[in-house]
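Report on the structure
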Amino acid sequence: MDVSLTDEQRAWQLKARKFAQEELRPISLQRDQVVDSRETFDWEIIKKGSKLGFRTAVVPKEWGGHGIDLVTQALVMTELAKGDSAMAKTFSQCWKWSHLIEARCTPDQKERFVKPFVADDTYLLGYAGTEPSAGSDHRLPPKDDLKAGWKLKAERKGDEWILNGEKCFIANASVAKLFFVGTRTNSNASQREGTTVFLVPIDTPGLRVGRVSNKSGWRFYQNGELIFENARVPHANLVGEVNRGTYLRGTSHPFGDFELGANALGICDAAVEMAMQHVQTRWQDAKYFIDNQTIQLKLSEMRMLTEALRSFVMRVAAEGFVMRDAAEGDAKTGHYASFLQNFGADVVQRVTVLNLDIHGGAGVMTIDAGAEKLVRDAVIWTHNVGDSVQRMRAIRQNIGF
Amino acid sequence: MYDLNLTAEQLEFRETVRDFVKREIKPITLHPDRLQPFEKPLLLDILDKASRMGLRTLALSQELGGAGADNLTSCIVMEELAAGDVDIATTLAQTSTLAQFLFDQAMTPEQRARFLPQFLADDRYHLAFAAHEPDPDLGWKYHRPVAGEADCRTTAVRQGNGDWVVNGVKAFIANAPIAKLIAVQVRIDPKTSGTGGVSTLLVPRDTPGLSVRDHHDIARQAGPDGRPSLLWYHGTRGEVVFKDCRVPADHVLGKEGENRLTGAAQSVRRGIPQLAAIDLGIGRAAYEAAVDYAKLRVQGGRHIIEHQAIGTILAGIVIKLEVAHNMVWKAAWALDHPDAVAKRSLSDLPLQTIASVFTFEVVHEITLDAAECFGAMGVMRDMPLQKYVHDSRIFLHSGDSNSVAKFRIAEAVAGFR
C-alpha cells in the first residue's frame, strides 16, 4: 500500500491547510459562541472557501468542478476539520451529494442542477432523510414493521408530485438551495420497498424551513426542520425509480462514513497540536508540563490513537470503499468505511477528552475554550448517525444481509 | 457496623427534597428557556425556599438551630438537590458545611453570639471561605509539598488598637458573590513563610474596604496560554478584594497566629463526598431521563428499551451508578464514624478522594451514554442531556481534577502524606 502523495494531492492539502489556518481557525471559537443557532453561520467563509474550490471539489472536471480523488478528499477534509470541524462538514456535505448526483441523476437533471451549483458560491446541497419518528428506522429499517420509516408522503398528480410531511435535523436545512428528499410513496410496503427520492429546490412552493437545531457542538453547521405543505415537485425531479429510494444511496453512504472518519481525524490533529503546544510552554513547579510522566502518557495515547485513525482513513481513501482483505489473499470483502466511522467516533472522543484533561490541573477554575469546544464537537459523532445503529449496520453489511 | 438501613429521618429528608426538586426546581431548570442560553444565573428564589426548608443550615448542629445532618444525610440530600440543579446543590452544600465548621467548631462563644443570630434569621445569608489566591493553578505536583495555602499573600497588619488592616486579593471563592460572612486566610507575620503566620479572619460582607465581584461579571481573562478561557465550576464564585479593609481585633478565628488550617482542611474533606453525591445526582437525573425516553420512543418496531443495544447501555449505566453510590455513602459514613478507621474496620486510605475520583469518572460516562439513547435529541441544548454531560465534565477537570486527585491517592498509598 503506497501512501506517498502526488504533487497535485500535496498542493490540495497545502491549500486546505492554509485556508484552515488563516481563515477557519481565527473565527472558529467566535462562531461557536454565538448564542442563536441561526446566527452561527457565516456566508463570507463559505464564499471564500468556494472560490478556492472546496465546495465543488468532487464535481467532475467536465462539469466545471475539480474532480479530486478520494485520497485528496481525505487530505482536504482532515486539514479543513483541523481548522473547524463544522465548517469543514458544511463543504463536504456538498461533496456527499455531488457524489449522488454524479452516480444517480439523469443528464437532464445534471444540466439543471449541477450547472447552477458550480456557478454559485452560495449554492449548498443537502439530503432530507430523518423525520421525527424515523431516526434509526431510516438508517436501519426494520424488516418486520411496515409502518416504520419515512412518513413524508408523495402523491403523483399529473406531471407533479405533491409532498406533505416533515423532516428534522436536516443538514444545511436553513442554507442549502437543493435537497434530495426521501418520501413514502407506498404506505403498504416497507421503507425498503415503498420510498422514493426527489430533487427539491428550496424555492419550491409549499416548502419552508422550520426551526434550526440548537446543538451543543458543531454549532456552525446548520441542522434544521424542513416542512412540506402541498409542496409541488415536477416528475422530472424524480431520482432513480419510484419505490426504490433506499437503494439509491449505495454509493453515497460509504462516503458519509468515510467523510466522518476523515473529519474526526482533523479534530484529533487539532487536539494533539493544542496539547503539544500547552505542555511545552506551560511552566509549573520548576518544570514544563511535558516533564510529568502522567502528561507524557496522556499525550502518547492521543498520538497513538490519532495515527491509527490516520492509517485507517488513508487506507480507505487509497483502496476505495471496496477494500481488499490481505488475510484472505486480496479478496474483496465489502466496504469498511462504516467501521472507520465508528473507530473515528471512539478515537475523537477519547483524544479530545485527554486534551481537555491535559489543560486541567490542581485548583483549576477556568478551562481553555478551544479544548472545550473540541470535546463538544466530538460528542456529535455518537449522535449524528446513531452510534450503535451505525455499528450494527457496519457488521450487517459486512456479513451481507 | 456499616449499615445501609437509612433512618426514618434520612428517608423523610430524601422524600421531602425529592418532592421539592420535582415540584419547584425541575420545572424551572429543565425548561428550554433556561437550558438554551450559555449563562445560567443562580436561582435565588429557589435558594430562599431551600433555606426555609432548612437546607442552608443542614449540617449545623440542632443545638445551634440547624438540622444536625451528618455527612451521610448531607450526601443523600445533596444528591437529590443536584438531580434538579447542580448549582443550587453546590451553593447549599458550601454554606451548610461551612456553617457546621465555623459555628460548631471554630468560633468563640462571643463570635457565635455576634454572627449566628443573623445567619439563622436571614435566608440569604450564605458563607464563604477565602483561601485561593489569583495565581494560576497548582500544576501536577506529586511527592512534593503542595504550595497552596503556603502562598498566602493577603496580609493583615495589626493596628495600635488591636484591629487588623487587610490588603490582598482572593480569587474564585465559592459562594463569595452571595456570602454575607467571609472567612479569609491572611498572613499576619510577613517574616514567616509556609503555613506559619497565617490566620483566618471573619469579615462581614458590608465591611468597608471589602469588595466582591462575580467571576461572570469580570471580563473573561485569557488562560495561562493567553488563549480564551471559560469559567469551569459549579455554583457561584467571586473575586474578593481587600483594600485597607479594617477588621476588629476579635474577629480572628481560633488563636491568633495559630491558623485553623487543620479545621479548614477537615471541612474541605467533609465537602468531598458531598461533591461526589452532587455528581451522582446528575448521573441519576440523566439515567432516569434515558429510561423514561427509552420506554416512550418507538423505533425498529418496538420501544427502544426492548432493543438489546439500548438495554445494554442502560444496564451499564445502572451498574456504574450503584457502585459509585456505594462508595460515596461508605466514604461519608467513614467521616461520621472516625472510630471505624481507628479500629481498622475501614482502610485508612483517603476514601473520600477515592469515592470522588471513581464517581466523577463514571458519571461522565453515564451522562454520555444516557444522551446517546436520545439520538440527535441528545445533543440539543433545549434538552437536559447536554447540560448533564457538561455538568459532569466540569467535575472531571475542575478544582482538584481527577488526574491530580489520583496523585493524592498514590501519595497516600506510598505513605508520603
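Below is a summary of the structure that appears in this document. Predicted, not measured: the structure shown is a model, and the values here were computed from it.

**Some details on the side chain of Thr353 of chain B**
Residues and elements named next belong to chain B. Here Thr353 lies in helix α10 (residues 351–372). Judged by relative accessible area, Thr353 falls into the buried class, the value being 15%. When neighbours within four sequence positions are excluded, Thr353 is seen to be in contact with Ile272, Ala405 and Ile409.

**Some details on the interface of chain B and chain A**
On the side of chain A, 60 residues touch chain B, which itself brings 50 residues to the contact. Of the roughly 4600 Å² buried where chain B meets chain A, counting both sides, 56% is carbon and sulfur surface. Taken together, the connections running from chain B to chain A amount to one salt bridge. The interface formed by chain B and chain A includes 18 residue pairs in polar contact (both at pLDDT 80 or more). Listed by contribution, the elements that provide at least two residues to the side of chain B that touches chain A are β7 (229–231), α10, α11 (385–397), β12 (399–400) and α12 (402–414) of chain B. Each residue belonging to the side of chain B that touches chain A can be placed in one class, and the counts come to 20 nonpolar, 17 polar and 13 charged. Across two bridges, strand β13 (residues 362–364) of chain A lies against β12 of chain B in antiparallel orientation. For Ala362 of chain A, the partnering residue across the bridge sits in β12 of chain B and is Asp400 of chain B.

**Considering the packing of aromatic side chains**
Residue and element names in this part refer to chain A. Applying the stated criterion across every chain, the model contains 22 aromatic pairs over all chains. Centroid distance Tyr127 to Phe180: 6.3 Å. Interplanar angle 25 degrees. Geometry classified as stacked. Here Phe180 lies in strand β4 (residues 178–184) and Tyr127 lies in strand β1 (residues 125–128), a separation of 53 residues in the sequence. For Phe180, a relative accessible area of 2% corresponds to the buried category. If you follow Lys15 out to its NZ or CZ, it ends over the ring of Trp12, 3.8 Å from the centre. A cation over a ring is seen here: Arg55 above Phe117, with NZ or CZ 4.7 Å from the ring centre.

**Concerning a nonpolar patch on the surface**
Residue and element names in this part refer to chain B. A cluster of nonpolar residues, Ile319, Val323 and Phe358, forms a patch on the protein surface that exposes about 260 Å² of accessible area. Residue placement: Val323 occurs in helix α8 (residues 308–336). By relative accessible area, Val323 is classed as partly exposed at 43%.

**Quick notes on the pattern of salt bridges**
Within this structure, the stated rule accounts for 50 salt bridges over all chains. Taking the shortest distance from any N to any O, the salt bridge between Arg303 of chain A and Glu307 of chain A comes out at 3.6 Å. Residue Arg303 of chain A and its partner Glu307 of chain A are both found in helix α8 (residues 293–319); the two are separated by four residues, about one turn of the helix. Owing to a relative accessible area of 40%, Arg303 of chain A belongs among the partly exposed residues under this scheme. Judged by relative accessible area, which is 31%, Glu307 of chain A ranks as partly exposed. One salt bridge connects Glu411 of chain B with Arg408 of chain B, and the closest N-O pair in it is separated by 2.9 Å. Of this pair, Glu411 of chain B and Arg408 of chain B both sit in helix α12, separated by three residues, roughly a single helical turn. Among the ionic contacts, a cluster of salt bridges with common partners joins Arg18, Glu79, Glu80, Arg284 and Glu288 of chain B.

Reading the values: rules and limits
- Residues numbered from 1 in each chain as written.
- Chains lettered and ligands numbered in written order.
- Predicted model: local features only at pLDDT ≥ 70, side-chain atom pairs only at ≥ 80, totals over all residues.
- Heavy atoms only, no water.
- Helix = DSSP H or I, 4+ residues; strand = E, 2+ residues; numbered from the N terminus.
- Buried < 20%, exposed > 50% of the residue type's maximum accessible area, 1.4 Å probe, protein only.
- Contact = heavy atoms within 4.5 Å.
- Buried area = accessible area lost by both parts, 1.4 Å probe.
- Salt bridge = Lys/Arg side-chain N within 4 Å of Asp/Glu carboxyl O.
- Polar contact = N/O pair within 3.5 Å; in protein donor to acceptor, adjacent residues only side chain to side chain.
- Nonpolar A, V, L, I, M, F, W, Y, C, P; charged D, E, K, R; others polar.
- Pairing = 2+ DSSP bridges.
- Phe/Tyr/Trp six-rings, centres within 6.5 Å; stacked < 30°, edge-to-face > 60°.
- Lys NZ or Arg CZ within 6 Å of the ring centre and 35° of its normal.
- Patch = residues over 30% accessible without salt bridge, like charges linked within 9 Å, V, L, I, M, F, W, Y side chains within 5 Å.
- Areas by Shrake-Rupley, 256 points an atom, 1.4 Å probe, with all protein chains shown as cover.

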